[in-house]
Amino acid sequence: MQSDKIQIFDTTLRDGEQVPGCKLDTQQKLVIAERLDFLGVDVIEAGFPVSSPGDFTSVREIAKLVKNASVCGLTRAVKKDIEVAADALKFARKPRIHTGIGTSDSHIQFKFNASKEEVIKRAKEAVSYAKNFVDDVEFYAEDAGRTDNAFLAKVCEEAIKSGATVLNIPDTTGYCLPEEYGAKIKYLKDHVKGIENVIISCHCHNDLGLATANSIAGAINGARQIECTVNGIGERAGNTALEEVVMILKQHPYLNLQTDINTKLLYDTSIMVRERMGMPVQPNKAIVGANAFAHSSGIHQDGVIKNRETYEIINPADVGVTESAIVLTARSGRAALAYRAKKIGYELTKIQLDTAYKTFLQFADRQKEVIDEDIHQIMKQVNKISKIAIA
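Treat the numbers as computed from the prediction; the structure is a model and nothing was measured.

So, the pattern of salt bridges
Line of reasoning, step 1. In this structure the tally under the stated criterion is 31 salt bridges.
Line of reasoning, step 2. Residue Arg 76 is joined to Asp 81 by a salt bridge in which the shortest nitrogen-to-oxygen separation is 2.7 Å.
Line of reasoning, step 3. Between Lys 285 and Glu 243 there is a salt bridge, with the nearest N and O atoms lying 2.7 Å from each other. Pair noted here: Lys 285 is in the loop between helix 11 (266-277) and strand 11 (294-295) and Glu 243 is in helix 10 (residues 242-251), with a separation of 42 residues, a long-range link. Taken as a pair, Lys 285 and Glu 243 share a single burial class, namely buried.
Line of reasoning, step 4. Beyond isolated ion pairs, a larger network of salt bridges with shared partners links Glu 17, Lys 23, Lys 29 and Asp 55.

Take a look at the structure:
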């Protein structure tokens, strides 16, 4: 069965960059945009041009720089926003305007103090106006996750009639369960006239830790674009993590969904983004965290040393990590000590290993991790009892 392409829409430079403390200047944005283009993303959301002169300049310069991906600018359903975005994108090889409006009862009542009919009217006008400037117009129904499906379908149908090429169905507050979000996408596929002519996009937030799961559920149910950020950076608890959705699809080929991302660049890209944004990644972060391929439990270490696949479903090299890490702690066993000792030149017999392991445990009980320098000290002590062969 032929695989379906999932477009990767990266919003690191828009949704990710608006996180407190993560502000980037134009030059920093250009460096990341160039890497994202090289990585193989399909769309780079470069910013919100009307929000500030600096953001306008960044979007314009990214539009000039990017060679392969579409370059996208965000707007509200406001003519001035759309005009400014179009101006910023005029040098892009493949420009896209991303415009839309909130559709949930909460947004309609409290943000806009409007009626549903007025929201539909504004949505149609925004898409139609954006279509005067670019062929590729993405419409977002903000807070779609909490929007009644029947009304959401109506808004989407009118957006398509007005010229939208992509429909973004955001779980803006990260509220949905995967089953709910997947069912919402399926409902739109089944009830919106003309939806077969556009791309459905998932934009999921991580307030309940479900952003990646929701995006995958959306793709399984017919969405063909996932909006995400490197390291999952974004508003509040963050967005869908690019590296997670890409590797989920890669590791589950039976889904028949694939991306054009060069996965071997994921780890280096993660480091680039965290360094420039000053936003560390938790050690146990999936795919790109410091401990993602690290093993400290003796049972796990023994299994991985014998065959990596006993405890690793991803080959570290596939994401640009050199190798798995065997971390020596008080929970480590003899196999791990022998493995690490051999790495730095010590070939131990069973008797030598038994002696070394007793000394090792004394070190391990005093500190969180036993490093190579400690192993040398352990071997010096053991060498007094038994001569150690150097590999």
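On we go.
A word on the packing of helix 2 (residues 26-39) against helix 11
If you want to describe how two helices pack, look at the angle between their axes and the distance between the axes.
Line of reasoning, step 1. Contact geometry for helix 2 and helix 11: axes closest at 11 Å, N-to-C directions at 165 degrees. Between helix 2 and helix 11, the interaxial angle falls into the category roughly antiparallel. The handedness of the crossing between helix 2 and helix 11 is left-handed. Contacts between helix 2 and helix 11 involve Gln 28, Val 31, Ile 32, Arg 35 and Leu 39 from the former and Leu 266, Asp 268, Thr 269, Met 272, Val 273 and Arg 276 from the latter.
Line of reasoning, step 2. Among the residues making up the contact of helix 2 with helix 11, the classes are represented as six nonpolar, two polar and three charged.

The rules behind each value
Residues numbered from 1 in each chain as written. Predicted model: local features only at pLDDT ≥ 70, side-chain atom pairs only at ≥ 80, totals over all residues. Heavy atoms only, no water. Salt bridge = Lys/Arg side-chain N within 4 Å of Asp/Glu carboxyl O. Helix = DSSP H or I, 4+ residues; strand = E, 2+ residues; numbered from the N terminus. Buried < 20%, exposed > 50% of the residue type's maximum accessible area, 1.4 Å probe, protein only. Axes fitted to C-alpha atoms, helices over the stretch in contact; angles between N-to-C directions. Parallel < 35°, antiparallel > 145°, perpendicular 65-115°, else oblique. Left-handed = near helix turned anticlockwise from the far one by under 90°. Contact = heavy atoms within 4.5 Å. Nonpolar A, V, L, I, M, F, W, Y, C, P; charged D, E, K, R; others polar.

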